[in-house]
Amino acid sequence: MSKPRVRFAPSPTGSPHIGNIRTAVFDYLYARHTGGAFILRIEDTDRARFVEGSLEELMEGLRWVGMQWDEGPEVGGEYGPYWQSERLENYSKYAQQLIDSGRAYYCYCTKERLEEMRKGQEAAKLPPGYDRRCRALTPEEREAAAAENSNPVIRFAMKREGRTEFDDVIRGRVGFENSLQDDFVMIKADGFPTYHFAAVVDDHLMEITHVVRGDEWISSAPKHVQLYEALGWEAPVWVHPPLILDTTGKKLSKRSETQTTFTYYREAGYLPDAMLNFLATMGWSSGEDRKLFSRAELIEKFSFEGIVNHPAIFDLAKLNDLNGEYIRMMSVDELAEMILPWVQKAGYLGENPTAKDLAYIKEVTALIQDRMVTLGEAPDLVSYFYNCGFDYDEKGIKKHLAKDTTPALLKAIISKLSDVSDWNTERIEAAVREAGASVSMEGGHVIHPVRMSITGRTWGPGLFELMKIIGKERCLTRLQKAIDKFGV
RNA sequence: GGCCCCGUCGUCUAGCGGUCCAGGACAUCGCCCUCUCACGGCGGAGAUCGAGGGUUCGAAUCCCUUCGGGGCUACCA
């Protein structure tokens with residue numbers, strides 16, 4: 001048997017959707033697992049909904065998670081073009097073939113008539129659908145209709161009797177009553193094909209072996225199955241993974257509270273591997289009690305059979321947990337490198353950091369690594385290592401600085417610290433504790449005021465480690481500043 | 001409304017007739033570590049497997065019914 005060929009076929013109608021990307025993950029994993037081809041095909045058949053730049057955003061997103069397609073835009077391939085808008089001849093050719101064989105027909109009904117018809121059906125509580133008025137026109141009737149409407153659409157003549165059944169890898173055997181099916185439009189009045197027709201023609205021409213698409217498509221699968229039949233083509237294997245739902249249990253949409261734009265997660269500082277891990281394990285399970293999977297493991301273990309048959313609710317908390325895990329798995333050097341652009345964007349470092357800057361950011365990174373969930377948090381976590389003009393936490397001031405014991409304590413600490421010549425954590429700690437003891441204070445009572453003075457915060461990395469990195473001079477300055485500011 | 005799909009802790013899931021009075025992970029709570037916050041370690045609470053009937057010596061696992069949720073129902077994908 002030849003190698004599988006799967007395709008991810010998005011429409012460039014807006015920012016890539018996280019649900020679609022999850023489907024792409026399944027495509028990608030399956031292709032890599034089997035050594036098959038992962039194809040990117042652009043379904044730009046709806047000219048009205050086309051959004052400039054969305055294809056670029058999508059490709060950038062796919063590459064960001066490391067899902068490079070083997071055929072498609074920018075990489076080419078033997079089955080191109082990979083834009084449906086450039087494959088129009090194919091659709092008219094096969095549409096004509098279907099008309100000739102009696103399985104498709106021109107429909108001259110106007111939108112107005114269609115709307116009226118629908119209203120009537122609604123009022124009569126009948127299932128909506130085209131009434132097939134143009135399905136069996138006599139030559140005379142056709143001529144008359146053509147005179148009225150010179151821009152007919154082409155409809156597919158669905159079977160009127162029996163059932164259309166097919167096997168879905170995830171659902172098993174699924175069947176639909178033919179009498180309930182609609183004679184859908186294959187070619188629109190503007191000459192462009194609809195999804196149903198274009199996808200079938202292209203999947204066949206591109207020799208797609210497995211059609212993987214969201215569950216929302218399963219009810220239109222009979223159209224596709226009948227199309228394959230009518231064209232005399234062998235249908236692909238159908239795979240309809242369940243949808244991803246928002247926290248209210250509805251299909252993810254722009255209206256959902258959950259961020260549905262894939263790009264958002266990249267910009268928020270989630271890691272590609274964490275994202276891949278998260279997406280892959282939402283709706284798919286290897287059967288093991290495990291949450292961390294490397295890309296290689298995912299590829300090795302993936303199978304369609306492991307896809308569950310029920311929808312999953314998008315859980316940000318889980319993504320956050322995974323991202324934290326991936327951040328902690330990185331070496332300090334790697335992490336520092338990833339953090340760098342964020343710190344630069346925040347203005348803490350310039351375009352061309354010096355070797356000293358780089359060494360410094362590594363030291364800082366080591367201290368914040370365990371506390372970081374997303375890269376996007378880096379600027380905040382890192383701020384007081386660069387910026388001396390920070391604000392002080394209000395509650396912290398009340399609790400640790402606005403006390404009459406504060407000035408004496410901080411003065412004692414400045415004095416002790418000034419004598420430290422070898423600025424390392426042991427010496428700093430000793431000095432701070434000794435200074436505290438000299439004014440009869442210890443533990444948190446001395447450490448918290450110092451932390452507040454030096455970072456403006458009540459929490460953070462170990463005080464002495466952080467002081468070591470910030471340096472003696474800046475520490476002393478900040479302590480003095482706190483005395484001036486909060487000393488009574 | 002009609003058609004189709006789905007239904008195990010709050011969430012993601014394991015489970016394929018007995019080893020399950022249901023396991024793991026996230027979230028949550030408590031304890032330990034500790035200068036705080038994290039990390040880490042330990043522990044707790046949390047699912048009568050949507051409900052009701054069968055089948056069977058035995059069911060989360062098989063069958064039927066029922067309820068609930070979702071998807072589709074365009075000259076959008």
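Residues numbered from 1 in each chain as written. Chains lettered and ligands numbered in written order. Predicted model: local features only at pLDDT ≥ 70, side-chain atom pairs only at ≥ 80, totals over all residues. Heavy atoms only, no water.

Once that is clear, we can look at the domain arrangement of chain A. Domain annotation for chain A reports domain 1 (5-84 + 243-313), domain 2 (87-239), domain 3 (331-386) and domain 4 (394-486). Inter-centroid distance (C-alpha atoms) of domain 1 to domain 2 is 27 Å. Domain 1 puts 27 residues into the contact, and the matching count from domain 2 is 28 residues. Summed over both sides, the interface of domain 1 with domain 2 buries roughly 2300 Å², with 53% coming from carbon and sulfur. For the domain 1 face of the interface with domain 2, the top three residues by lost area are Arg 5, Arg 7 and Gln 84, together amounting to 26%. The interface formed by domain 1 and domain 2 contains three salt bridges. (Domains from an automatic or database assignment. Contact = heavy atoms within 4.5 Å. Buried area = accessible area lost by both parts, 1.4 Å probe. Salt bridge = Lys/Arg side-chain N within 4 Å of Asp/Glu carboxyl O.)

Further remarks concern the pairing of strand E5 (residues 163-168). Only one face of E5 is covered, namely the face carrying Thr 164, Phe 166 and Asp 168; the face carrying Arg 163, Glu 165 and Asp 167 is uncovered. In the sheet, E5 pairs with strand E6 (residues 172-177) via six bridges, with the strands oriented antiparallel. Across the sheet, the residue bridging to Asp 167 is Arg 173, located in E6. Hairpin connection, E5 to E6: the antiparallel pair is bridged by three residues. (Buried < 20%, exposed > 50% of the residue type's maximum accessible area, 1.4 Å probe, protein only. Helix = DSSP H or I, 4+ residues; strand = E, 2+ residues; numbered from the N terminus. Pairing = 2+ DSSP bridges.)

Turning to the pattern of salt bridges, a few remarks are in order. Scanning the model with the defined rule gives 31 salt bridges in all. Here Asp 273 and Arg 295 are joined by a salt bridge, their closest N and O atoms 3.1 Å apart. Of this pair, Asp 273 sits in helix H9 (residues 272-280) while Arg 295 sits in helix H10 (residues 295-301), and the two are 22 residues apart along the sequence. The class for Arg 295 is partly exposed, based on a relative accessible area of 22%. Linked by salt bridges that have partners in common, Arg 163, Glu 165, Asp 167, Arg 173 and Glu 177 make up one network.

Around RNA strand B lies a shell of 60 residues, among which Lys 188, Lys 251, Asp 370, Arg 371 and Gly 460 are the nearest. Among the atoms of RNA strand B close to the protein, meaning within 4 Å, 72% are from sugar or phosphate groups. Between Glu 43 and RNA strand B, the recorded distance is 3.4 Å, taken from a side-chain N or O atom to a sugar or linking oxygen. One of the side-chain nitrogen or oxygen atoms of Lys 251 is found 2.6 Å away from a phosphate oxygen of RNA strand B. (Near = heavy atom within 4 Å. Polar contact = N/O pair within 3.5 Å; in protein donor to acceptor, adjacent residues only side chain to side chain.)

Grouped together as the largest cluster of nonpolar side chains are 107 residues, with contacts concentrated most on Met 67, Met 275, Phe 385, Leu 417 and Met 467. No other element matches the nine residues that helix H1 (residues 18-34) contributes to this core. Excluding residues that lie within four positions of it along the chain, Met 67 makes contacts with Ile 21, Ala 24, Val 25, Tyr 28, Phe 38, Leu 62 and Leu 276. In terms of nonpolar packing, the next biggest core, distinct from the first, is built from 34 residues, Ile 99, Phe 156, Phe 166 and Ile 218 among them. (Core = buried A, V, L, I, M, F, W, Y, C linked by side-chain atoms within 4.5 Å.)

To continue, consider helix H3 (residues 88-100). With 13 residues, H3 extends 18 Å from end C-alpha to end C-alpha; this agrees with the ideal 18 Å at 1.5 Å per step. For H3, the set of buried residues is Asn 90, Tyr 91, Tyr 94, Ala 95, Leu 98 and Ile 99. In an axial view of H3, the angular spread of the buried residues amounts to 165°, which keeps them on one side of the axis. In H3, the exposed positions that point more than 90 degrees away from the buried face belong to Glu 89, Lys 93 and Asp 100. (Expected span 1.5 Å × (residues − 1). Arc of directions from axis to C-beta.)

Next up on the list: the packing of aromatic side chains. For any pair of aromatic rings, geometry is given as the distance between the ring centres together with the angle between the planes. Inspection of every chain in the model, using the stated rule, returns 24 aromatic pairs. Each ring, one from Trp 64 and one from Phe 262, has its centre 5.8 Å from the other, and the planes form 70°; the classification is edge-to-face. Highlighted residues: Trp 64 in helix H2 (residues 54-64) and Phe 262 in helix H8 (residues 262-267), separated in sequence by 198 residues. Like Phe 262, Trp 64 is buried. Geometrically, the ring pair formed by Phe 278 and Phe 314 is edge-to-face, given 5.3 Å between the ring centres and 80° between the ring planes. Of this pair, Phe 278 sits in helix H9 while Phe 314 sits in the loop between strand E11 (312-313) and helix H11 (316-329), and the two are 36 residues apart along the sequence. Here the aromatic residues Phe 26, Tyr 30, Trp 284, Phe 293, Phe 302 and Phe 304 are joined through ring pairs into a cluster of three or more. The cationic tip of Lys 345 hangs over the ring face of Trp 342; the distance from NZ or CZ to the ring centre is 4.8 Å. (Phe/Tyr/Trp six-rings, centres within 6.5 Å; stacked < 30°, edge-to-face > 60°. Lys NZ or Arg CZ within 6 Å of the ring centre and 35° of its normal.)

Attention now goes to the packing of helix H12 (residues 332-345) against helix H13 (residues 355-368). Following both chains from N to C, one finds H12 and H13 inclined at 105°, their axes separated by 9 Å at the closest point. Taken together, the axes of H12 and H13 are roughly perpendicular relative to one another. Side by side, H12 and H13 meet where Val 332, Asp 333, Leu 335, Ala 336, Ile 339, Leu 340 and Val 343 of the first sit next to Leu 358, Ile 361, Lys 362, Thr 365, Ala 366 and Ile 368 of the second. Classifying every residue of the contact of H12 with H13 by side-chain character gives 10 nonpolar, one polar and two charged. (Axes fitted to C-alpha atoms, helices over the stretch in contact; angles between N-to-C directions. Parallel < 35°, antiparallel > 145°, perpendicular 65-115°, else oblique. Nonpolar A, V, L, I, M, F, W, Y, C, P; charged D, E, K, R; others polar.)

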